Amino acid sequence: MQELTLSIIKPDAVKRDLCGKIIQKIEDGGLRIKGLKMLQLSREEARGFYAVHREKPFFESLTDFMSSGPIMVAILGGEGAIDKYRGIMGATNPAEADSGTIRKEFGLDIEKNSVHGSDSPENAEIEISYFFSKLEMVDR
Ligand code: CMP
């Protein structure tokens, strides 16, 4: 089934100029970019995006990190895009990620793990609309 998912290249990876390498892995993995931009979240915007994690012990640190520098957000599309992208990213903790995955190659630790991807169709829709208007997505 054709799906959409939201990808974020996190501040740790943007800072190290890894966007090109990460996008290459996304495209090589069979996903298509349908929307793309770079921006920096305020603390409040980061807190809004990660609101589902607000009770977690890592919430403050995570949202400080996510607002600490520019991020690159993308809408990715393809067959089973949500699971496909989770496979391309690898496990949340880079130390546990399979070789060849983005997080294994580029992630620094469980927080600075280089990328985010939606975990369900419902969250993909919410997360895409957090960053993109209808005009900012192409059909391809
Ligand atoms: P992400 O896929 O963006 O979803 C939530 C983020 O919280 C996760 O990636 C990590 O960057 C961060 N995080 C920090 N500590 C943890 C933890 N112990 N478990 C899960 N996520 C964590």
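The structure we're discussing is the one just above.
Bear in mind that the values here come from a model prediction, so they are computed numbers and not experimental data.

Caption draft 1: Structural context of the sheet that holds strand β1 (residues 2-9). One open sheet accounts for 4 strands, arranged β2-β3-β1-β4; its pairing is antiparallel. Lying at the two open borders of the sheet, with one neighbouring strand each, are β2 (32-39) and β4 (115-117). For this sheet, the mean angle separating the axes of adjacent strands, direction not counted, is 20°. Here β2 pairs with strand β3 (residues 71-79) via 7 bridges, running antiparallel. Its bridge partner being in β3, lysine 37 is matched across the sheet by valine 73. In the packing of helix α2 (residues 19-28) onto the sheet, the strands contacted are β1, β2, β3 and β4, and the crossing angle to β1 comes to about 165°.

Caption draft 2: Just helix α5 (residues 81-89), in detail. Among all positions in α5, only Ala81, Ile82, Tyr85, Ile88 and Met89 are buried. In a view along the axis of α5, the buried residues occupy a sector of 125°, so they form one face of it. In the core, the buried residues of α5 are packed alongside β1, α2, β3, α6 (102-106), β4 and α7 (121-131). Note on α5: the residue one or two positions beyond its end, glycine 90, has a positive phi of about 90°.

Rules used in this analysis
- Residues numbered from 1 in each chain as written.
- Predicted model: local features only at pLDDT ≥ 70, side-chain atom pairs only at ≥ 80, totals over all residues.
- Heavy atoms only, no water.
- Pairing = 2+ DSSP bridges.
- Helix = DSSP H or I, 4+ residues; strand = E, 2+ residues; numbered from the N terminus.
- Axes fitted to C-alpha atoms, helices over the stretch in contact; angles between N-to-C directions.
- Contact = heavy atoms within 4.5 Å.
- Buried < 20%, exposed > 50% of the residue type's maximum accessible area, 1.4 Å probe, protein only.
- Arc of directions from axis to C-beta.

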